[in-house]
Amino acid sequence: MVRRLAVLLAAAVILSGCTEQRLFAVRAVAAGVPSLAPFFEEDGSLGTDETKLRPEQAHSGLQQGNTPGLYGGTQKPKVCDVDRLKDFLTDPRNRQKAREWARIVGITPDRIEGYIDDLTPVLLRHDTLVKNHDYKRGKAVAFDALLEAGIAVLVNDQGLPAVKCSCGNPLQSFDKDPEKISVKFEDGNKKWDGYEKSDVVTVKPSPQPLEQIALIDVDNPDQGINRPVGSTGANDEPFDATEQHAVPRVAGMTFDQASQRLSELGLAAAYSDGLPPGDAAVTGSDPGPGTELRFGEAVTLSVADDGEEPGTPPKSDPSNGPTTDGPTTDGPTTSGPTTDGPTSSGPTTDDPDTDGPTSSEPTTDDPDTDGPTSSEPTTDRPTIGEPTSIEPTTAVPTTPTTSSTPPTVEPTSAEPTSAEPTSAEPTRSEPVTSEPASSAPVSSSAPASGESAVVPA
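All residue numbers refer to position in the chain's written sequence, counted from 1. Local features in this predicted model are restricted to residues whose pLDDT is 70 or higher, and side-chain atom pairs enter the listing and the counts only when it is 80 or higher, whereas totals over whole chains, interfaces and linings include all residues. Only hydrogens and water are removed before side-chain values are computed, so all heavy atoms of the structure are retained for them.

1. Some points on the sheet that holds strand β17 (residues 282-286)
Pairing between the strands of a sheet is mediated by backbone hydrogen bonds and can be parallel or antiparallel.
Okay, so step 1: Spatial strand order, β16-β19-β17: 3 strands in an open sheet with mixed pairing. Every interior strand has two partners, whereas the edge strands, β16 (268-270) and β17, have only one. This sheet shows a mean twist of 35° between the axes of neighbouring strands, independent of strand direction. The pairing criterion for strands is at least two bridges between them, as found by DSSP. Helix and strand assignments come from DSSP, with helices taken as H or I runs of at least 4 residues and strands as E runs of at least 2, each series counted from the N terminus. Under this scheme, a helix contributes an axis fitted over its contacting stretch, all axes are lines through C-alpha atoms, and angles between N-to-C directions fall in the 0 to 180 degree range.

2. Quick look at the sheet that holds strand β8 (residues 161-164)
Okay, so step 1: Spatially, β8-β7-β4-β3-β12-β13-β14 is the arrangement adopted by the 7 strands of the open sheet, whose pairing is mixed. If you trace the sheet from one side to the other, it starts and ends with β8 and β14 (237-240), each paired once. For this sheet the average axis-to-axis angle between neighbouring strands, irrespective of direction, equals 50°.
Okay, so step 2: Pairing between strand β4 (residues 120-124) and strand β7 (residues 152-155): 4 bridges, direction antiparallel. Across the sheet, Val-122 pairs through a bridge with Val-153, a residue of β7.

3. Some remarks on the state of the cysteines
Okay, so step 1: Any two cysteine sulfur atoms within 2.5 Å of one another count as a disulfide. Counting across every chain of the model gives 1 disulfide.
Okay, so step 2: The side chain of Cys-80 participates in a disulfide bridge whose partner is Cys-165; the two sulfur atoms lie 1.6 Å from each other. On the S-S bond that ties Cys-80 to Cys-165, the torsion sits near 80°, and the link is right-handed. Of the two residues, Cys-80 is situated in the loop between β3 (71-73) and α2 (82-90) and Cys-165 in the loop between β8 and β9 (172-173); the sequence distance between them amounts to 85 residues. An identical accessibility class is assigned to Cys-80 and Cys-165; each is buried.
Okay, so step 3: Counting only cysteine sulfurs, Cys-165 is the nearest neighbor of Cys-167, a cysteine outside any disulfide, at a range of 8.9 Å. Here the term buried applies to any residue with accessible area under 20% of the maximum for its type, exposed to any over 50%, and partly exposed to those in between, with areas from a 1.4 Å probe on protein chains only.

4. Some thoughts on the nonpolar core
One recurring pattern in soluble globular proteins: nonpolar side chains tend to sit buried together.
Okay, so step 1: Residues Leu-85, Leu-89, Trp-101, Ile-112, Ile-116, Leu-154 and Val-163 are the most contacted members of the largest nonpolar core, which totals 27 residues.
Okay, so step 2: Of all the elements in the fold, those that place two or more residues in this core are α2, α3 (95-105), α4 (112-117), β7 and β8.
Okay, so step 3: Here Leu-89 is in contact with Ala-98, Trp-101, Ile-112 and Ile-116, once residues within four sequence places are set aside.
Okay, so step 4: Residues Val-130, Leu-147, Ile-151 and Val-153 belong to the second largest nonpolar core, which totals 22 residues. In plain words, nonpolar cores are sets of buried Ala, Val, Leu, Ile, Met, Phe, Trp, Tyr and Cys residues tied together by side-chain atoms within 4.5 Å. Should any heavy atoms of two residues lie within 4.5 Å, those residues are considered in contact.

5. Quick notes on the packing of aromatic side chains
Within a pair of aromatic rings, the relevant descriptors are the distance that separates the centres and the angle that separates the planes.
Okay, so step 1: Between 30 and 60 degrees the pair is tilted, below 30 it is stacked and above 60 it is edge-to-face, where a pair is any two Phe, Tyr or Trp rings, Trp via its six-membered ring, whose centres lie within 6.5 Å. For the structure on display, the rule yields 8 aromatic pairs.
Okay, so step 2: A centroid spacing of 5.9 Å and a plane angle of 75° characterise the contact between Trp-101 and Tyr-115, whose relative ring orientation is edge-to-face. Of this pair, Trp-101 sits in helix α3 while Tyr-115 is found in helix α4, placing the two residues 14 residues apart along the sequence.
Okay, so step 3: Through a chain of ring-to-ring contacts, the aromatic side chains of Phe-185, Trp-192 and Tyr-195 assemble into a single cluster.
Okay, so step 4: Looking at Arg-27, its charged tip hangs above the ring of Phe-143, at a distance of 3.7 Å from the centre.
Okay, so step 5: The aromatic ring of Phe-24 is capped on one face by Lys-176, whose charged end is 5.9 Å from the ring centroid. Geometrically, a lysine NZ or arginine CZ counts as sitting over a ring once it is within 6 Å of the ring centre and also within 35 degrees of the ring normal.

6. Quick word on the confidence of the model for the chain
Okay, so step 1: Per-residue confidence from the predictor is given as pLDDT, running between 0 and 100. When pLDDT is averaged across the chain, the result is 75; 62% of the residues are at 70 or more.
Okay, so step 2: Mean pLDDT across the elements of the chain ranges from a minimum in helix α15 (residues 450-454), with 36, to a maximum in β8, with 98.
Okay, so step 3: Segment residues 307-457: pLDDT under 50, and 185 contacts once partners within four positions in sequence are set aside and those in other chains are kept.

7. Here we look at helix α5 (residues 255-264)
Okay, so step 1: What α5 keeps buried is the set Phe-255, Ala-258, Ser-259, Gln-260, Leu-262 and Ser-263.
Okay, so step 2: Buried residues in α5 make contact with β2 (62-64), β16, β17 and β19 (298-303).
Okay, so step 3: One or two positions beyond α5, positive phi appears at Gly-266, with a value near 85°.

8. Quick look at the environment of Glu-243
Okay, so step 1: As for its placement among the helices and strands, Glu-243 is situated in the loop between β14 and β15 (244-246).
Okay, so step 2: The class of Glu-243 is partly exposed, set by a relative accessible area of 44%.
Okay, so step 3: Measuring from C-alpha to C-alpha, the distance between Glu-243 and Gly-266 comes to 9.6 Å, with 23 residues separating the pair along the chain.

9. Things to note about the pairing of β17
Both faces of the sheet carry side chains from a regular strand, because those side chains alternate between them.
Okay, so step 1: For β17, the tally of buried residues reaches 4 of 5 residues, placing the bulk of the element in the interior.
Okay, so step 2: Across 4 bridges, β17 lies against β19 in antiparallel orientation. Along β19, the bridge assignment pairs Gly-284 with Ser-302.

10. Digging into empty space enclosed by the protein
Okay, so step 1: Every definition here rests on a 1 Å grid over the protein atoms only: cavities are sets of points where a 1.4 Å probe fits but cannot get out, pockets are open sets enclosed by protein on both sides within 12 Å along at least five of seven lines, and lining residues have some atom within 4 Å of a point. Grid points are joined across faces, edges and corners, and a volume is the space filled by probe spheres set on the points. This structure, assessed with the given rule, holds 6 cavities of 30 Å³ or more.
Okay, so step 2: Empty space within the largest cavity amounts to approximately 140 Å³.
Okay, so step 3: Sorting the residues of the lining of the largest cavity by element identifies β1 (24-29) and β5 (128-136) as the ones contributing at least two each.
Okay, so step 4: Among the elements that make up the lining of the largest cavity, the one with the highest residue count is β1 (3 residues).
Okay, so step 5: Under this grouping Gly is polar, as are all residues other than the nonpolar Ala, Val, Leu, Ile, Met, Phe, Trp, Tyr, Cys and Pro and the charged Asp, Glu, Lys and Arg. The residue makeup of the lining of the largest cavity, split by class, is 7 nonpolar, 4 polar and 3 charged.

11. Considerations on the side chain of Ser-60
Okay, so step 1: Summarising the element assignment, Ser-60 is placed in the loop between β1 and β2.
Okay, so step 2: Beyond its immediate stretch of four places on either side in the chain, Ser-60 contacts Val-201, Ala-270 and Tyr-271.

12. Here we look at the pattern of salt bridges
Okay, so step 1: By definition here, a salt bridge exists when the distance from a side-chain nitrogen of Lys or Arg to a carboxyl oxygen of Asp or Glu is within 4 Å. Under the defined criterion, the tally for this structure stands at 13 salt bridges.
Okay, so step 2: A salt bridge links Lys-164 to Glu-42; its shortest N-O distance comes to 3.6 Å. One end of the pair, Lys-164, is in strand β8; the other, Glu-42, is in the loop between β1 and β2, with 122 residues separating them in the sequence.
Okay, so step 3: Looking at Lys-164, the relative accessible area reads 0%, which means it is buried.
Okay, so step 4: Linking Asp-83 and Lys-86 is a salt bridge whose minimum nitrogen-to-oxygen distance equals 3.7 Å. Separated by 3 residues within a single helix, Asp-83 and Lys-86 lie in helix α2, roughly one turn from each other.
Okay, so step 5: The structure contains a network of salt bridges with shared partners spanning Lys-131, Asp-144, Asp-175 and Lys-176.

Written as structure tokens, this is what we have:
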């Protein structure tokens, strides 16, 4: 027994050691520090970093390439000398480097010039995870890297870092779990001021190709810069980054559609548990529609859980508040059936008796009206809005009402006597006249189906 316990204990120690070893080593790359094995000698002629730019606090560890303010810009010339990079990689003396460079990028060497022409120079505003590449013994050698904020990079039309400007090294997306990294500060890359592991960012592709990139001017954070993709700054258009933008209604959109809409308004899309699939149905936002935010501020999107109706907003979501919740919060009619109100717009769900007064409506008309009319709850809704003129046509006989009233739905607590057939006296029609007080909220939800109210969001 002792021997078994010893073996189990040893196994546990080994397994725990293996768990610790699963962390991915990431090499820190500080702004302004030359690489030991770059593609291009880092002598400052190809590009320069902003060494005094502190990392911004990240609103999300995963950010899409179209996020407004993800990157910074400057009016200083030659942060990235694109022409010099092209000349270097097309020089016959650097043919082998060009082959390896093109292989990493995923193009043929003859397409290098066109590829670089489509890239855009920016400055990182966050410590950013990438897959970097050294050039050793005629080969490109990949390594995971954490680039410090302030490093100048070229990004592609999906907003992904593609080239480190100062050395010409090709970059790719970080493809490991950012929660399981171990950052190594070595080879002159000392831990920089403002470094926080919790603020490290991984960039994912923009849902759609970008035509321009919305930057923050690192020399004047109250000013923004719209930089056309593929330009180097000559066509920049400045704008006021302090201007407020109202959060739009996004419920019912897909995550990609919602993030694109926010991006167009200068707002960032965030999600609490990482980026969901692009086609995930958005159910709401925090803050809700109409909230004024300045450029680059984040809006956290909620998405439907598995099995949830795509257009169904969460109860706490203000993005659909007035349209879907109206019937449940207003008017006595929904006070009875509040159990179904929020989910299926109240009265529209089955029994007319859930509307309280409709159970007394039969007393005003045809007791002969066939039970089938009880299956027309949707017609009862308008009758509540106009009790005097329509209720007789949709009146449900007291007998069918009592028979159609499922014991589980009984909102008869609002109409205690409605369960009694004898209460079909005209005296019971008086509650109907009291109901018009709730006709306003009902008419406000007149789309009859709560779902139609969600779609416009």
